[in-house]
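Secondary and tertiary structure notes
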Amino acid sequence: VPITEGDDVRGSNSVHTQGDWTVVVPPSEVDPSTAPDLRATIEDLRTSGTEQVAVDWRGVTFFDSSAIGVLMGAHREITESGGRLAVVCATGVPRRLFDLMGLDQVLSFVTTTDELD
Amino acid sequence: MGSTPPHHEPLPRVSGSLPTAILLIDLASRQVVQANPMALELAEGFVVPGPVEDWVAAAGLRAIDGAPIDPRSSAPARVADREIVSGEPVVVTSVLPQNGAKRVVWIQGWPLERGTGADSLASTGVVVLSDVSPLIGVPVPDSLTDRAVLATERCLTISDPNLEDNPLIYVNPAFERVTGYAGEDILGRNCRILQGPGTDQDEVTRLRKAIAASESCTTVLLNYRADGTAFWNEVSISPVLDRQGAVTHFVGVQTDVTTRVAAEREREAAFVTERETRALLESVLTTAPVGLGFWDLDLRFTRVNEALAEINGRSVEEHLGRHVLEVLGDDFIEVVDLIGAVIATGEPVLDHAVQGATDARPGELRHWVTSYYPVRDPNGTLVSVGAVVIEVTAQRQAEADRAEALERERQARLAAEAAQSRMALLAQSMEALTAGLDLRTSLARFADLLVPHPADWVAAHLVEDDGTVTRAVLRHADPLRVERLVAGEAAADAVPGPVATVLGTGRPMLLDDIPHDLLVSLASDEDHHELVRDLGLHSAVVVPLPSRGRTIGTLLFARGENSPPFASDDLSLALELATRAALVVDNKRLYERDHQVAITLQQSLLPDHLPDVEGIEMCVRYVAGAVGVDVGGDWYDAFPLNDGTIALTIGDVVGHDLAAAVKMGELRTTLRAYAADGATPADVVNRLDHLAYQQGLGFVATLIYGILDPATGRFTYTRAGHLPPIVIPAGGEPRVVDDRPSPPLGMGRSHLQHELVLEPGTTMVLYTDGLVERRDEGIDRGLHRLGEVAARPSESTESLCDLLLDELSDPGGLTDDIALLIVRRHLAESG
């Protein structure tokens, strides 16, 4: 993921803002070795008052249940704080695992960051 | 034409220019009807108009060899006879150059006919006589050898000043060739078309003024051809006057003199160079900051310049007539020898370094480079010795300063490089220590980094939980040489004396020589002993691995053969490495223990035995993930319900080792409690979800919980975010059950219940993601592969479990944990 000027780099995740949304871009593999960083990044945003967080999943090539854990936990906590969590993810193969796990019923998916309102 | 131009002055001459005489001949009457001033000058007494032969006679034209020419066959007469004269040399005898030499002119002539573009001059002949004496030198040789010079094409142009802008009305073919302009393109235009960016505007102005004043003018201009190339053009413009003295035409004769100009430029440049060289020499002799001195053969100064006088601290006058030592003092006795050598051998002595103090700055050591050379009179007799003295004191000082600065810089750079490589080594070692999955792998990578620099030999000893000391790793720069030692188990158990000492004291040791017992302890038998001795180890450092107040091991570094002994710098590096290694060893041990506890707990929580149900064969597996991976709490469960059905569960609690295992245990126990009172799978899962949501379990779990009726094969289940079951009918195609999933537990959502029927002989595989997820492919590929392998013929669910784990374990090695539950309904006849 290219880091553009102004990006706030936190661990292996990069963070930038787009309109009212704060977009977190995780590394290409979200597994037990990188999931804790992602969790911490999102948690930092939430506790510092960020209300609308989008996780840009388009560059993710592999993830496992640890990633699901992060997204579910983040969803729950952000929602309870009155905020919103969106996952940016193309349809088709990238979305397949999410759909298989029934996460499409819980998480808000958009296919591009342009769809964030 | 009885009048000559009012200002009959000699033609302006530029260096090497060719004054041009021009005659216009009326072809009908063979009369010279117009002549320019030069033409009149050449033929004194000739009056215009007059017969062409009269002009020839008056000009005294002769052949180049001096023979008389019959005026009637002369070139001007032939032009009058309408013959083109392309060029021939003649001698003009009427006007002699001042030095009495012959004046050679080059005659060209063209009869102009109607239709040539010069209609106003139709039936007129033009004769041009150019003085070429300057070109061929004076005196003129009798035979003209350099005809090439004379054969230079002359361009003839005629312009009409009575038309607007004095346009060209005639150009000869030579003009077309030289300039590259075709006649039709250039006729009607002013001749300035030849000018360009490099044309000297002062010369152009001079030419223009002459034309305006109806005067002749010769100049050399830089002109440009049609294709843009430049050439030096010698232009002679002469006005042609009518009887009333009015200008009717201008006749121009142009010559490409580029070659000549180039040669002149070169000559001039050479002259300038020579003059500059002389000036430079003069400058050197008088003002250059180089000492110059001359002695007679008695070694008395005959001449010195100011620079040398200043060096010596005496005035010029104080030198003259005095002996060299009288001026310089006895310290410079070697100068006497050097001058003497020149006198004796007649050969110069060059670049001899002299140092000393002169009266100019007493007591200050100065440096000079001196050269001595013989000076001879025109007969070759040696009459004097000259010397050049160049002061180099400042340069010597600068060199010394520079050398010192370079040395300081070198030292600083070495120190910086050492610090940098040390930092790099520490960083790399940390990377190696933390990268490995288990402790031994990490230590091996760590040790690989440390040979052959900073050590030839590295060993790590660790104190185990039971207090024994083992060698965890051994590396030598040449792995082949220690292969047997590394492999030797006996050696691994032997604890070298210094290692034991450091383990006891917790203080590092720097050994200037390797004690015998250390060598012996490294070797397990006599062969090894020899091997170790051959390594030539001579210097060693043993440092403790400190952890929380204890020494948990040592690092041993040794150097052999060509390596220098360890110094205190090396000891501090070894201590830093040890600090890092100790931290990692301690952490990894804790982690390994933690991991082991988690696995133990996990496995203790899994059911000891499976329900024994008629018509149903079941098998389960749990495989723990590798150390260093945050394994999830994968689990399965199977237990009989009161109504004869069986409860089946597979699940995955996401989280860290121990915590995940504990949560899995809670989840399993709770599920069993909820399942016991005859609730449907959806009820059970919804209650679990509610509980997890209410309590904010802080973890995420996926599971499939279902109830299998052995009699009918009906399997009623709820899938909470878990990967779907795979069903393989007997001899049929595997199928990933395409139900509608519900979200994982903990989200406070209601969950759907599904139903499927396992026909006799059908196998159902429940599994966790570790079995199907790969880094390099999508989930569907993994599911497909699982179905494919599961569809292979298998005697029992046991053998199918083994087959699946064998075939599907991630070859990448960084494995997640895996739980697997396989159910197969017996075929009717065998059941």
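In short, a report on the structure. A quick note: this is a predicted structure, and the numbers were derived from the prediction, not measured.

1. Describing the sheet that holds strand β27 (residues 714–720) of chain B
Strand pairing in a sheet is mediated by backbone hydrogen bonds. Such pairs are either parallel or antiparallel. One open sheet accounts for five strands, arranged β24-β25-β26-β27-β30 (chain B); its pairing is antiparallel. A single partner strand is all that each edge strand has here, and the edge strands are β24 (633–640) and β30 (754–757) of chain B. Along the sheet, successive strands turn relative to each other by an average axial angle of 15 degrees, direction set aside. Two elements, β24(B) and strand β25 (residues 646–654) of chain B, share eight bridges in a ladder whose sense is antiparallel. Counted as the bridge partner of Ala638(B) is Leu648(B) from β25(B). Lying over the sheet, helix α2 (residues 65–80) of chain A contacts β25 and β26 (700–708) of chain B, oriented at roughly 80 degrees with respect to β25(B).

2. Observations concerning the packing of aromatic side chains
Residue and element names in this part refer to chain A. Applying the stated rule across the entire model yields nine aromatic pairs over all chains. For the ring pair Trp-57 and Phe-98, a centre distance of 5.8 Å and an interplane angle of 65 degrees mean the geometry is edge-to-face. Taken together, the residues span a long stretch of sequence, with Trp-57 in the loop between β5 (52–56) and β6 (62–63) and Phe-98 in helix α3 (residues 93–100) at a distance of 41 residues. Of the residues examined, Trp-57 reaches a relative accessible area of 2% and is grouped as buried. Each ring, one from Phe-98 and one from Phe-109, has its centre 5.0 Å from the other, and the planes form 55 degrees; the classification is tilted. In this pair, Phe-98 is assigned in helix α3 and Phe-109 in strand β8 (residues 108–110), connecting sequence segments 11 residues apart.

3. As for helix α25 (residues 797–808) of chain B
Residues and elements named next belong to chain B. Between its first and last C-alpha, α25 extends 16 Å over 12 residues, near the 16 Å set by a 1.5 Å rise per residue. Those residues of α25 that fall on the buried side of the exposure criterion are Thr-797, Leu-800, Cys-801, Leu-804, Leu-805 and Leu-808. The buried residues of α25 occupy one face: seen down the axis, they fall within an arc of 130 degrees. Looking at the buried side of α25, the elements it contacts are β23 (616–623), β31 (763–767), α24 (779–790) and β32 (818–825).

4. Details of the nonpolar core
Ranked by internal contacts, the top residues of the largest apolar core, which has 53 residues, are Trp57(A), Tyr767(B) and Leu804(B). Residue contributions to this core peak at seven residues, all from α2(A). Ranked by size, the runner-up nonpolar core spans 44 residues in total, among them Tyr674(B), Ile707(B), Tyr717(B) and Val737(B).

5. Details of the interface of chain A and chain B
At the junction of the two partners, chain A supplies 27 residues and chain B supplies 31 residues. For the pairing of chain A and chain B, the buried interface totals around 2,200 Å² over both sides, and the portion due to carbon and sulfur atoms is 57%. Sorting the residues of chain A by area buried against chain B places Arg76(A), Leu100(A) and Gln105(A) first, and these three jointly supply 28% of that buried surface. Between chain A and chain B we count one salt bridge in total.

So, how was this worked out
- Counting of residues starts from 1 at the beginning of each chain's written sequence and follows it residue by residue.
- Naming scheme: in the order in which they are written, chains are lettered from A and ligands are numbered from 1.
- With pLDDT at 70 or above as the cut-off, local features in this predicted model cover only qualifying residues; side-chain atom pairs require 80 or more to be listed or tallied, and sums for whole chains, interfaces and linings still use all residues.
- Computation of side-chain values covers all heavy atoms of the structure but excludes hydrogens and water.
- Two strands are counted as paired when DSSP detects at least two bridges linking them.
- In DSSP terms, a helix is any run of H or I states spanning at least four residues, a strand is any run of E spanning at least two, and both are numbered starting from the N terminus.
- Working convention: axes come from line fits to C-alpha atoms, limited for helices to the stretch in contact. Angles between N-to-C directions cover 0 to 180 degrees.
- Working rule for contacts: check all heavy atoms of both residues, and any pair within 4.5 Å makes them a contact.
- Two rings belonging to Phe, Tyr or Trp (six-membered ring only in the last case) form a pair when the distance between their centres is within 6.5 Å. Interplanar angles under 30 degrees mark stacking, angles over 60 mark edge-to-face geometry, and anything in between is tilted.
- Throughout this description, buried means an accessible area under 20% of the type-specific maximum (1.4 Å probe, protein chains only), exposed means over 50%, and partly exposed covers the range between.
- The span you would expect from a helix comes to 1.5 Å times its residue count less one.
- Directions from the helix axis toward the C-beta atoms define the arc.
- By nonpolar core is meant a set of buried Ala, Val, Leu, Ile, Met, Phe, Trp, Tyr and Cys residues that side-chain atoms within 4.5 Å join together.
- Throughout, buried area stands for the accessible area (probe radius 1.4 Å) lost by two parts on being put together, summed over both.
- By salt bridge we mean one thing: a side-chain nitrogen of Lys or Arg within 4 Å of a carboxyl oxygen of Asp or Glu.

So far we have only geometry, and geometry alone does not tell us how the molecule works.
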